[in-house]
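Understanding the architecture of this molecule
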Amino acid sequence: MKVVCPHCSATYGVDDRRIPAGGLNVRCPSCRKTFPVRPGAAPDAAAVAAPVPLPAPAAGPVPA
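Residues numbered from 1 in each chain as written. Predicted model: local features only at pLDDT ≥ 70, side-chain atom pairs only at ≥ 80, totals over all residues. Heavy atoms only, no water.

1. Describing the overall build of the chain
Assigned secondary structure in the chain consists of zero helices and four strands. Beginning at the N terminus, the succession of helices and strands in the chain can be written as β-β-β-β. Residues counted as buried form 14% of the 64 residues belonging to the chain. Contacts in the chain between residues far apart in sequence, at least 24 positions, make up 30% of those at least 6 positions apart. Entry remark: accessible area of the chain is about 5200 Å², with carbon and sulfur atoms responsible for 60%. (Helix = DSSP H or I, 4+ residues; strand = E, 2+ residues; numbered from the N terminus. Buried < 20%, exposed > 50% of the residue type's maximum accessible area, 1.4 Å probe, protein only. Contact = heavy atoms within 4.5 Å. Areas by Shrake-Rupley, 256 points an atom, 1.4 Å probe, with all protein chains shown as cover.)

2. A closer look at the pairing of strand β4 (residues 34-37)
Of the two faces of β4, only one is covered, namely that formed by Phe-35 and Val-37; the face formed by Thr-34 and Pro-36 stays uncovered. For strand β3 (residues 24-27) and β4, the ladder comprises four bridges, and the chain directions are antiparallel. What sits directly across from Leu-24, in β4, is Val-37. Hairpin connection between β3 and β4: a loop of six residues separates the two successive antiparallel strands, and Arg-32 in this loop has a positive phi of roughly 70°. (Pairing = 2+ DSSP bridges.)

3. Considerations on the environment of Pro-20
Structurally, Pro-20 can be placed in the loop between β2 (11-13) and β3. Expressed as a C-alpha distance, the spacing of Pro-20 and Arg-38, which sit 18 residues apart in the sequence, is 8.0 Å.

4. Topic: the confidence of the model for the chain
Here the chain averages 76 in pLDDT, while 62% of its residues score no lower than 70. The least confident element of the chain, judged by mean pLDDT, is β2 at 90; the most confident is β4 at 93. (pLDDT = per-residue confidence, 0-100.)

5. With respect to the environment of Asp-16
Along the chain, Asp-16 falls in the loop between β2 and β3. Residues Asp-16 and Arg-38, spaced 22 residues apart in sequence, show a C-alpha to C-alpha distance of 9.8 Å. Looking at Asp-16, its side chain comes within polar contact range of the main-chain nitrogen of Met-1, at 3.3 Å. (Polar contact = N/O pair within 3.5 Å; in protein donor to acceptor, adjacent residues only side chain to side chain.)

6. Thoughts on the nonpolar core
Side chains that are nonpolar tend, in soluble globular proteins, to be buried together. The biggest cluster of nonpolar side chains holds seven residues, and these are Val-3, Cys-5, Ala-10, Ile-19, Cys-28, Phe-35 and Val-37. Not counting chain neighbours up to four residues away, the residues in contact with Ile-19 comprise Val-14, Leu-24, Val-37, Arg-38 and Pro-39. (Core = buried A, V, L, I, M, F, W, Y, C linked by side-chain atoms within 4.5 Å.)

What follows is the structure, given as structure tokens:
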């Protein structure tokens, strides 16, 4: 899992098996501040939500 410190933006690789189901707080080796890490919460492209499509227009008469 890729972990990015929200305080200094340092990036680290962490083995997924080391993160318990409830997550844990870690200390950044670079800036020494702590932050939570949750399983499956990797900040990569796969974790970013896809845009929600707009709903289809309702069927009916077309305004003039």
